[in-house]
Amino acid sequence: MRIQNKIILIFSCSIAIILFCVYHYLNQNLTQRSFKRIQENLEKQLSLSRSYLNDVVKEFSSEKLDAIADKIGKDTKTRVTVIAVDGAVLGDSQLTSKEISSVENHLYRPEVQDALSEGLGQSRRFSTTIKTDMLYMAMPFGKEKTLGIIRLAIPLEKITLLSQNLKHILFISLIIAFIFAIILNVIISDFITKPIREIYLTAKAIAQGDFSRKSIVKTKDEIGDLARSINEMAEQIRLRIREIDLSRSRLEAVLLSMFEGVMVLDAEGKILLMNKTLKDFLSVPLDLQGRRPLEAIRNIEIHDIADRALQLKAGVESKEITVFLPQEKTLLIYAAPVVRDNSVDGAVLVFHDITELRRLEKVRRDFVANVSHELRTPLSSIKGYAETLLEGALDDKKNAKDFLKIIVEDSNRLTQLIEDLLSLSKIESGKIFFRKEPCSIQAIVKKLVIGFQKQVKEKKIEVKIDIPGDLPKVLADEASISQVFLNLVDNAIKYNKEGGTIIISAIKKSDFVQVDIADTGIGIPEEDVSRVFERFYRVDKARSRELGGTGLGLSIVKNIIQAHGGEVFVKSSLTQGSTFSVTLPQA
Ligand SMILES: Nc1ncnc2c1ncn2[C@@H]1O[C@H](COP(=O)(O)OP(=O)(O)OP(=O)(O)O)[C@@H](O)[C@H]1O
Ligand SMILES: [Mg+2]
């Protein structure tokens, strides 16, 4: 029910009750008053009639008295009865003389009794004589002594009729007053409730998220104050929400740009938020909100650490896990509870991808093992031959020479190995200085190929050079770049088949020059392709060592090229051959 209708209803009821009371009171009052006036009138007429009788009546004669009664009755428009002291009716304005004689004795009528004893009697009752309700008033008359009683009577009908008329007028007036009051009520209640309705509409709009609506209430009362407070509140909420939105988008931006994966859980362990990095790490779909890590990610270890963090009061849990989808990844998880008011309200899990770190650690470990191994092999050979010589083989001239040759070869190998290692570590640590100047690839390659003529001939390999004459020069340190091509061409020969081919070509690619060294050799198995640039990595260790290799060549190539701002990559198919490509910036 609308408040306006309520006001109208309450107001109308109150007015109706008040008007009813007024009506009732006035009705009562008016009836009494008019009765009293008639009574007073009757009394006045009675005492006038008595005076008249006192003057006129000297003796008792029924006929004469009846005529007097008729006369007074006519003048006063009442019923007049003259009664003797003994109660006999002597005259009556409404009865004939015949009728009078048969009227019963009136001595014990209450008004007659009162008139005799108190000088004035009054009574209201039904007249059996004329069959109607009457008001009777009686007084004794006679100058010296009481000669009789005069009684005036009027029918009460008159009084009722009069009060009925009054009631009618009163009723109509009150109805008109009521209608006016209702109209006034509607206008006033509309005036009062209009601002309330306006405020209600504003509050509703706020609840629906529309903060632009303002209540236009200009009154300076409590309702006006309320409207202004609500307008102010809406503005405050709007500002607060904007602030929250802003900090949320900032947080989203931070989470989005993080390299670490982030997962936020609520107190029940359900996912509240996950950033894109984590979704990529775990290759899970978006919208995992509201689900538990176990069912959403199906990883018991993540579930465990999340559980432990939620039971933790303070501090950080950490765990390293390995996931396999889509590829193997090592993730380091830090999990901390979110504590609010001394109780755990959720947990935050941060995932670091440490796959590369772990791989590098492994490479380093392998490197140390490899270096020791590579150093030990020629050293033990040198030691072995030297001891054999000392133990007497020195005298066997022929063998001694061979042994010494092996010792020299192994020493050279050791020296080469140590030199390679040194230059590698120098390049890696950035201690080496490259004197970059424009160099011609064609010139470098030509000079290089000449140096390989002996090996090429031995293996019956055909070397083709396909470098356009207008190829731009590259910005590089000539000696280092020569070493790069030397290593690549050396491999192309070493891992080529007898009678194979090597094609050295070069093209310009945007700001770079790409040099391809393609061979028709044994090729590299797919699983090894990504690893050939690692230090000491050799596909076939025994074969490579037989060919005098240590597995450092390609890592030196990679380091030099990277230091020049270029790239090196390889495409290979097993038994078909490999193509190593190098890019270098144009001069
Ligand atoms: N052109 C190629 N064809 C096939 N396999 C190759 C080729 N080039 C390199 N490889 C593989 O990559 C490995 C690493 O090459 P890298 O040049 O680093 O070492 P290496 O040739 O064994 O020794 P080093 O170059 O130090 O004398 C080789 O052992 C070989 O197994
Ligand atoms: Mg090599």
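Read on for an overview of the structure. As the structure is a computational prediction, the values presented were derived from the model and not from experiment.

Quick look at the site of ligand 1
Near ligand 1, the surroundings consist of 20 residues, among which Asn491, Tyr495, Asp519, Ser544 and Leu554 are the closest. Contacts to ligand 1 include Val539, whose backbone N or O atom sits 3.0 Å from an oxygen atom. At 2.7 Å from an oxygen atom of ligand 1 is found a main-chain nitrogen or oxygen belonging to Leu554. For ligand 1, the accessible surface in isolation is 590 Å², of which the surrounding protein chains cover 95%.

Observations regarding unusual backbone geometry
Across residues other than glycine, the phi torsion is negative in most instances, and most of the peptide bonds are trans. One non-glycine residue, Lys460, adopts positive backbone phi at about 55°. Here Lys460 lies in the loop between helix H13 (453–459) and strand S12 (462–466). At Phe536, a position not held by glycine, the phi torsion is positive, near 65°. The residue Phe536 is located in the loop between helix H15 (526–529) and helix H16 (541–546) in this model.

A few points about the sheet that holds strand S6 (residues 261–266)
The five strands are arranged S7-S6-S10-S9-S8 in an open sheet whose pairing can be described as antiparallel. Since the sheet does not close on itself, it has two edges, and those belong to strand S7 (271–274) and strand S8 (317–323), each with one partner. Averaged over neighbouring strand pairs, the angle between their axes works out to 20° when direction is ignored. Pairing between strand S9 (residues 329–340) and strand S10 (residues 343–353): ten bridges, direction antiparallel. Within S10, the residue paired with Ala335 across the bridge is Leu349.

Describing helix H10 (residues 355–390)
Taking 1.5 Å as the rise per residue, H10 with 36 residues should run 52 Å; its terminal C-alpha atoms sit 52 Å apart, in good agreement. All buried positions along H10 are accounted for by Val363, Phe367, Asn370, Val371, Glu374, Pro378, Ser381, Ile382 and Leu389. Once H10 finishes, Gly392 follows within two positions and takes phi at roughly 130°, a positive value.

A few points about the nonpolar core
In this structure, Ile441, Val484, Phe485, Leu488 and Ile504 are the most contacted members of the largest nonpolar core, which totals 49 residues. Broken down by element, this core gets its largest block of residues, seven residues, from helix H14 (residues 478–494). Discounting residues that sit within four places of it in the chain, Ile504 has contacts with Val445, Val449, Val463, Lys464, Ile465, Asp466, Ile467, Val489, Val515, Asp516 and Ile517. In this structure, Ile271, Val284, Leu288 and Ala347 belong to the second largest nonpolar core, which totals 24 residues.

Points about the pairing of strand S5 (residues 148–155)
Burial within S5 is extensive, with seven of its eight residues counted as buried. Sheet topology places strand S1 (residues 79–84) next to S5; six bridges connect them, and they run antiparallel. Counterpart to Arg79 in the pairing with S5 is Ala153. Sheet topology note: the strand S4 (residues 132–141)/S5 ladder contains eight bridges and is antiparallel. Pairing of Met139 across the sheet is with Ile150, part of S5. Counting the residues that bridge the hairpin from S4 to S5 gives six residues, and of these Gly142 lies at a positive phi of roughly 120°.

Rules used throughout
Residues numbered from 1 in each chain as written. Chains lettered and ligands numbered in written order. Predicted model: local features only at pLDDT ≥ 70, side-chain atom pairs only at ≥ 80, totals over all residues. Heavy atoms only, no water. Near = heavy atom within 4 Å. Polar contact = N/O pair within 3.5 Å; in protein donor to acceptor, adjacent residues only side chain to side chain. Areas by Shrake-Rupley, 256 points an atom, 1.4 Å probe, with all protein chains shown as cover. Helix = DSSP H or I, 4+ residues; strand = E, 2+ residues; numbered from the N terminus. Pairing = 2+ DSSP bridges. Axes fitted to C-alpha atoms, helices over the stretch in contact; angles between N-to-C directions. Expected span 1.5 Å × (residues − 1). Buried < 20%, exposed > 50% of the residue type's maximum accessible area, 1.4 Å probe, protein only. Core = buried A, V, L, I, M, F, W, Y, C linked by side-chain atoms within 4.5 Å. Contact = heavy atoms within 4.5 Å.

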